[in-house]
Amino acid sequence: MSTRWTLFTAFLLVGSSASAGPITYDVTVDTSSILSTAGSLDFNFNPGPLVSQAASLQILGFSSDGTLAGSPAFTGDVSGALPATLTFDNGTGFNDYFDGFTFGSTLSLQVSLYGPALSSPDGTSTSGSTFAFSMFSDAAGTVPALTSDTMNGFAFTADVNLDGTTTVANFSSQTSVAPETGAVPEPDGILLLGTAIAFGTIRQLGRRR
Amino acid sequence: MSLKYWIHKLLPLAASAFVCWPACAHDSSCLSPSGLFGFPSGFSCSLGQNLHEQITLIAASTLHLPDCAVSKIGDFAGSVDFGEYTVPESAINAYLLKWHFVEGNPKPNGSYKASHHFDRGPGIPHEGAFRNGVGYLQQMLSSAQTSFASGRPSEGMTFLGMALHALQDFFSHSNFADPDPTRTLPASEQPVAIDFLFGRSTVFPKDLMLTYYDPDDPHAGDSADFARFSHEQHAKDNFSRSGYYPVIYDLALTNSELLISMALGSSQGGLCPNQPGRTITPVSSLDPNDKAGSTGIGASRFVGVGQTSYSVYYQNQPTATAPAQAVTVTDTLNTNLDLTSLTLGAISFPNQVITPPSIPLAISPFTATADLRPTTNLLVKINASLNTTTGVLTWTFQSLDPTTNQPPNDPLAGFLPPGAEGSVFFTVMPKSSVTTGTVIQNTATVTFDVNPPINTPTWSNTIDNTPPVSRVTILPTQIGSIFTVQWSGSDVGTGLGTFTIYVSDNGSSFVPWLTQTSATSSTYNGQVGHTYGFYSIAQDLVGNNESAKTLAEATTQVTQASPVPSSEISVTASGLAYSRVSQTFNGSVTIQNISSATIYGPFEIVFTGLPAGVNVVNSAGAFNGSQYLTVPSVSSLEPGQSAIVSVQFKNPSNATINFTPVIYSGSIH
């Protein structure tokens, strides 16, 4: 890959999600260049310094031919453990999950952002929330890998904006971050759908009488 | 089949040197090649004998030079052998190769040098012998070049003849070409050899071999390993052997270069791939008569109405048969030139440089006499004058016999030998009334003695007499202490060159702030409470300056910072992403003008109420005990307009970061 293309993709903003509501990103990382490296992964999801509306985030479907190593370190409102689902809330200022990881050739996961800040922005909050994902080629998490962001080491970040949209900044040419195309009904939507089906069924039954 | 090596050995002014010069030893008695040897001109003839001299004479005959010049070249091609070989007295003018191979040649104790013949002496490896030969060849060619360029053609002929001798010997005394293909230098190496031979490379061609010769034991190499490449047995110019190759060449002249085309004359094989030869930049490439002026700007050679300079070069034609006694240079000046401003510059011809006084020629003609003695027994009277009515500028150079103070009677006495050159120089200003786009052309005429006048090429310049215009962009009425000043301009003609930006502080006189800058903006550091005024003066590429100004084009006052009410400006922030690398929380702060009026900057975001232990890493400083950031490059916010600034927090205890933002407009520095 040419340097020019690397630079281009490194700073490519994946873009803003225009829909004000829950959004899921499919994340795939080509880790073959650091295959077998005993490194680490970091996920954090934090509010801003002013007034942030409640928001949550889940890491779903973590899959890799690499190996999680050691015990993860939790800070703040984080629950779960990889490879199972991780759940973050922005209720405290620093919400972080850090885990050792021996890289395989690929890594994939989903990042799902949801909560009032996305589904019903209040219009009065003054800070968004931000998710950051980083990979490191050392177990201590000090040497960033697969990123052009050498200053901070982020592979990509996802901002929850005040209007409920999200904005992704991808600093890794090896990382693909794409909004999930298949819409997954949220619980509220499923309830509405079920109600409608039930209402229609009752109406049909009534006509048959 | 005869494949040529075009060896573009450029010998500047060589053309002018190929004339019948007085020092030629074979003046009226010298014979043409055909007259001497009975060969037709050109090298397509079948060479029954292959003398160095003979070959050279035939080649030189293609130049259509005077007979004596041709003979001179041939003489010195052969003179290498004359000095280094035992040659019968009868062979002085007709040295035959058979003497080249007689017992006792080359002279054991004579001036024979293996390098002069591309021979390999005792104990010398092939590569060393080849390098020695190339060194000699290059030295001879360079010496010839220098001699021609220095007006010493006779000397140049001697070096040229010696170089051509060595060139012939390379092909004859090496395995570059051979009747036996198995012994011939591989085709892939032949270009390598040619490149080395003519100075393009120093890579020795693999398997190149040179003939062996020991003048103290001429037959030492005839046996065993050396037999094949011994001088006597292998030299291809030994016409007594069955596979000899007469090495021949063609010569061609242009105005400033001599082209040497080498070829093996045998039809026994295409042994020489057609490779281009070396090109050497001439030390002088002037046409015999030339005109040069101010180079100006761009293809149109734009010049302003300042001083314009011209030079006229004149040279005795290469085909001349005698030195020039009198030379007249005339230059009819364009009517758009101001004749009263014309001033002469240096006047030069061989070994002479005369510098006229720097006063306008219109005031008085210039006269001088150059004494060429003792080198040349001549005086040269020089006159330069300007007819302000006709616009004709004239220089005359007249050779004078010092005894009679009259033109010399000897037709071969003159101040400018064939091939030698001179020049005149002058400066003049276009009239101030000349409009932009006017083309001023200039052509000179050079007359040698009674010969027809020769026009020089025409030199053209285009006038740019239009000054550029510029102005400083309007500034906000109030501004922070560090603010950006911008300016722009335009020009008819050559285009904008530079700007000089003037500033007035609190109504004082304007002084240059930036001088002749090509930038179109810069940051100014002001003081709170001061009012600053700016204007710009542009200069175009030919030096035309914009008219002077006295009034500011942009004025602003640096004001003390004051907080902007929250009803006029909003502040929002992104989430904070934590970096394990920098150990900082990273985000951004956005300010937006939510009022209906422009708010002028600079803008500072003051972080009041930050938790203990939390610091703004990229803070610009502290204000009233709180850290602040300056929003970069934003001098004002229009209604609805926003600006964003990155912020990094150090938060060792991972406390929740929050603060109350206060936005200031104006300078808090």
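Residues numbered from 1 in each chain as written. Chains lettered and ligands numbered in written order. Predicted model: local features only at pLDDT ≥ 70, side-chain atom pairs only at ≥ 80, totals over all residues. Heavy atoms only, no water.

What to know about the overall build of chain B
Step number 1: Within chain B one finds 10 helices and 37 strands.
Step number 2: Expressed as a percentage of its 669 residues, the buried residues of chain B come to 52%.
Step number 3: Of the contacts made within chain B by residues no fewer than 6 positions apart, 68% connect residues no fewer than 24 positions apart.
Step number 4: For chain B, the exposed surface amounts to about 27,700 Å²; the carbon and sulfur share of it is 51%. (Helix = DSSP H or I, 4+ residues; strand = E, 2+ residues; numbered from the N terminus. Buried < 20%, exposed > 50% of the residue type's maximum accessible area, 1.4 Å probe, protein only. Contact = heavy atoms within 4.5 Å. Areas by Shrake-Rupley, 256 points an atom, 1.4 Å probe, with all protein chains shown as cover.)

Side note on the pairing of strand β8 (residues 96–102) of chain A
Residue and element names in this part refer to chain A.
Step number 1: With 6 of its 7 residues buried, β8 lies for the most part within the structure.
Step number 2: Relative to β8, strand β3 (residues 38–47) is paired through 7 bridges, and the arrangement is antiparallel. Paired with Ser 40 across the bridge in β8 is Gly 100.
Step number 3: With 6 bridges connecting them, strand β5 (residues 67–75) and β8 associate as antiparallel partners. Across the sheet, the residue bridging to Ala 73 is Phe 98, located in β8. (Pairing = 2+ DSSP bridges.)

Considerations on the side chain of Ser 579 of chain B
Step number 1: Topologically, Ser 579 of chain B is positioned in strand β28 (residues 577–579).
Step number 2: Only 3.1 Å separates the side chain of Ser 579 of chain B from the backbone nitrogen of Val 581 of chain B, close enough to count as a polar contact.
Step number 3: If we ignore the near neighbours within four places in the chain, the residues touching Ser 579 of chain B are Met 151, Asn 152 and Phe 154 of chain A together with Thr 584 and Asn 586 of chain B. (Polar contact = N/O pair within 3.5 Å; in protein donor to acceptor, adjacent residues only side chain to side chain.)

Comments concerning the layout of surface pockets
Step number 1: Volume-wise, the second largest pocket comes out at about 480 Å³.
Step number 2: Around the second largest pocket sit 21 residues that line it, and Thr 157 and Phe 171 of chain A together with Asn 586, Gly 587 and Ser 646 of chain B are the ones nearest its centre.
Step number 3: Here the element with the most residues in the lining of the second largest pocket is strand β36 (residues 642–650) of chain B; it accounts for 4 residues.
Step number 4: Residue composition of the lining of the second largest pocket, by class: 8 nonpolar, 11 polar and 2 charged. (1 Å grid on protein atoms, 1.4 Å probe; cavity = no way out; pocket = protein on both sides within 12 Å on 5 of 7 lines; lining within 4 Å. Points joined across faces, edges and corners; volume = space filled by probe spheres on them. Nonpolar A, V, L, I, M, F, W, Y, C, P; charged D, E, K, R; others polar.)

What about the environment of Thr 403 of chain B?
Step number 1: Following the sequence through the fold, Thr 403 of chain B ends up in the loop between β12 (392–400) and β13 (421–430).
Step number 2: Overall, the relative accessible area of 71% leaves Thr 403 of chain B in the exposed class.

A closer look at the nonpolar core
Step number 1: Core analysis: the biggest nonpolar cluster contains 43 residues, and Tyr 314, Val 327, Val 329, Phe 349, Trp 395 and Phe 397 of chain B have the highest contact counts within it.
Step number 2: In terms of residues, this core owes the most to one element, strand β8 (residues 337–349) of chain B, which gives 6 residues.
Step number 3: Those residues in contact with Trp 395 of chain B that sit more than four places away from it in its chain are Val 327, Thr 328, Val 329, Asp 331, Leu 344, Ile 347, Asn 383, Ala 384, Val 424, Phe 425 and Phe 426 of chain B.
Step number 4: Counting residues in hydrophobic clusters, the runner-up holds 36 residues, among them Phe 45, Leu 86, Val 160 and Val 168 of chain A. (Core = buried A, V, L, I, M, F, W, Y, C linked by side-chain atoms within 4.5 Å.)

Regarding the sheet that holds strand β24 (residues 531–540) of chain B
Step number 1: Reading across the sheet, the 5 strands line up as β19-β25-β24-β21-β22 (chain B) and stay open at both edges, with mixed pairing between neighbours. Sheet topology places β19 (478–479) and β22 (511–517) of chain B at the edges, where each strand pairs with a single neighbour.

Here we look at the sheet that holds strand β31 (residues 603–608) of chain B
Residues and elements named next belong to chain B.
Step number 1: Spatially, the 5 strands line up as an open sheet ordered β26-β37-β31-β34-β33, and their pairing is antiparallel. Two strands close off the open sheet at either side, each with one partner strand: β26 (562–563) and β33 (621–623).
Step number 2: For β31 and strand β34 (residues 626–630), the ladder comprises 4 bridges, and the chain directions are antiparallel. What sits directly across from Phe 607, in β34, is Gln 627.

Regarding the interface of chain A and chain B
Step number 1: In this complex, chain A contributes 28 residues to the contact, which on the side of chain B involves 22 residues.
Step number 2: On the surface where chain A and chain B come into contact, there are 2 salt bridges.
Step number 3: Taking the shortest distance from any N to any O, the salt bridge between Arg 580 of chain B and Asp 96 of chain A comes out at 2.9 Å.
Step number 4: Along the contact surface separating chain A from chain B lie 12 residue pairs in polar contact (both at pLDDT 80 or more). (Salt bridge = Lys/Arg side-chain N within 4 Å of Asp/Glu carboxyl O.)

Thoughts on the pairing of strand β15 (residues 444–448) of chain B
Residues and elements named next belong to chain B.
Step number 1: Within β15, 5 of the 5 residues are buried, which leaves the element mostly enclosed by the surrounding structure.
Step number 2: Here 2 bridges tie β15 to strand β16 (residues 454–455), and the two strands are oriented antiparallel to one another. Among the inter-strand pairings, Val 446 is bridged to a residue of β16, identified as Ile 454.
Step number 3: Counted between consecutive antiparallel strands, the loop separating β15 from β16 contains 5 residues, among which Asp 449 sits at a positive phi close to 45°.

Brief notes about unusual backbone geometry
Step number 1: A cis geometry characterises the amide bond from Leu 82 of chain A onward to Pro 83 of chain A, with omega recorded as 10°.
Step number 2: Relative to the helices and strands, Pro 83 of chain A is located in the loop between β6 (78–80) and β7 (86–89).
Step number 3: The omega torsion of the bond from Arg 373 of chain B to Pro 374 of chain B falls at 0°, within 30 degrees of zero and hence cis.
Step number 4: Relative to the helices and strands, Pro 374 of chain B is located in the loop between β10 (366–371) and β11 (379–387).
Step number 5: Phi at Leu 146 of chain A is positive, roughly 55°, even though this residue is not glycine.
Step number 6: Even without a glycine there, the phi angle at Gln 516 of chain B is positive, about 45°.

Notes on the packing of aromatic side chains
All names here are of chain A.
Step number 1: What the rule picks out here adds up to 35 aromatic pairs over all chains.
Step number 2: Ring centres of Phe 133 and Phe 156 lie 5.8 Å apart, and the angle between their planes is 55°; this geometry places the pair in the tilted category. Highlighted residues: Phe 133 in strand β10 (residues 129–136) and Phe 156 in strand β11 (residues 154–160), separated in sequence by 23 residues.
Step number 3: You can call Phe 133 buried: its relative accessible area is 1%.
Step number 4: What makes Phe 156 buried here is its relative accessible area of 1%. (Phe/Tyr/Trp six-rings, centres within 6.5 Å; stacked < 30°, edge-to-face > 60°.)

Brief notes about the confidence of the model for chain B
Residues and elements named next belong to chain B.
Step number 1: Per-residue pLDDT for chain B has a mean of 74; in total, 68% of the residues score no lower than 70.
Step number 2: Predicted confidence is poor over residues 1–50, with pLDDT under 50, and the contacts of this stretch with residues over four places away or in other chains come to 172 contacts.
Step number 3: Scored as a whole, the predicted complex attains pTM 0.43, and scored at its interfaces, ipTM 0.83. (pLDDT = per-residue confidence, 0-100.)

Structural notes on the pattern of salt bridges
All names here are of chain B.
Step number 1: Under the counting rule described, the total for this entry stands at 7 salt bridges over all chains.
Step number 2: Taking the shortest distance from any N to any O, the salt bridge between Asp 207 and Lys 206 comes out at 3.5 Å.
Step number 3: Using a relative accessible area of 41% as the deciding quantity, one classes Asp 207 as partly exposed.
Step number 4: For Lys 206, a relative accessible area of 54% translates into the label exposed.
Step number 5: Ionic pairing is found between Asp 371 and Arg 373, a salt bridge with its closest N-O pair at 2.8 Å.
Step number 6: Residue Arg 373 is classed as partly exposed on the basis of its relative accessible area of 42%.

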